[in-house]
Amino acid sequence: MKTTKKNNVTSVSEQDSPALKELFVDGLKDIYWAEKHLAKALTKLAKAATSSDLKTAFETHKQETEVHVERLEKVFSMIDVKAVAKKCEAMEGLIKESETITEETEKGTMVRDCGLIMAAQKVEHYEIASYGSLRTLAEKLGYPEVADLLQTTLNEEGETDKKLTVIAEEYVNEEAATEA
């Protein structure tokens, strides 16, 4: 097996490790499905949100998510694989959870916003884990440009998570605690 070392990462060629490339591609298909479905869900989350800050955060993240889909399509092209989505059971469950929160909380309350932030942060943490792992596999497989694109998305997901935390901590949690 031929390996090269760059930035303390030993990489292998995809020919040397077809199983690793298959795992990588499978992960890309999974997050591709997840991002496409999340874009639709974020519209519903924005409509369900009470605070204008949270509505804006969801609307902004929807736009970013659409860019993430395009970026993934570029990644597929860069590794000469057709962009095909594979159902992501995890994201499907996380989206269902957010729908349940909307159904089970009172419209126009900060309790609902608190629940929506919790659900959205679970989504962000799933995406952060996925993109971090995929970036590492891209590096291992010798795809530095792909790794850079995945890192860009990873950074954006982290920023969204931080924005949600700020909204929660600045006022949503406090106001939710005072609602009857």
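Up top is the structure.
(A) Structural view of helix H1 (residues 18-48). When the terminal C-alpha atoms of H1 are compared, their 44 Å separation across 31 residues agrees well with the 45 Å that a helix rising 1.5 Å per residue should span. Of all bends in H1, the biggest is about 30 degrees, found at alanine 39.

(B) Quick peek at empty space enclosed by the protein. The full count for this structure, using the stated rule, is one cavity of 30 Å³ or more. In this structure, the largest cavity occupies an estimated 100 Å³ of space. In terms of lining, the largest cavity is formed by 15 residues, of which the most central are Leu38, Leu42, Leu45, Ala120 and Val123. Going through the elements one at a time, H1, helix H2 (52-78), helix H3 (89-104), helix H4 (110-140) and helix H5 (144-178) are the ones with two or more residues in the lining of the largest cavity.

(C) Looking closely at the packing of aromatic side chains. Enumeration over the complete set of coordinates arrives at two aromatic pairs. Where tyrosine 32 meets phenylalanine 76, the ring centres are 5.5 Å apart and the plane angle is 70 degrees; that geometry is what we call edge-to-face. Here the residue tyrosine 32 occupies a position in helix H1, and phenylalanine 76 occupies one in helix H2, the gap between them amounting to 44 residues. Phenylalanine 76 matches tyrosine 32 in its accessibility class, with the two residues each being buried.

Cut-off values and rules
- Residues numbered from 1 in each chain as written.
- Predicted model: local features only at pLDDT ≥ 70, side-chain atom pairs only at ≥ 80, totals over all residues.
- Heavy atoms only, no water.
- Helix = DSSP H or I, 4+ residues; strand = E, 2+ residues; numbered from the N terminus.
- Expected span 1.5 Å × (residues − 1).
- Bend = angle between axes of the 7 residues up to and from the residue.
- 1 Å grid on protein atoms, 1.4 Å probe; cavity = no way out; pocket = protein on both sides within 12 Å on 5 of 7 lines; lining within 4 Å.
- Points joined across faces, edges and corners; volume = space filled by probe spheres on them.
- Phe/Tyr/Trp six-rings, centres within 6.5 Å; stacked < 30°, edge-to-face > 60°.
- Buried < 20%, exposed > 50% of the residue type's maximum accessible area, 1.4 Å probe, protein only.

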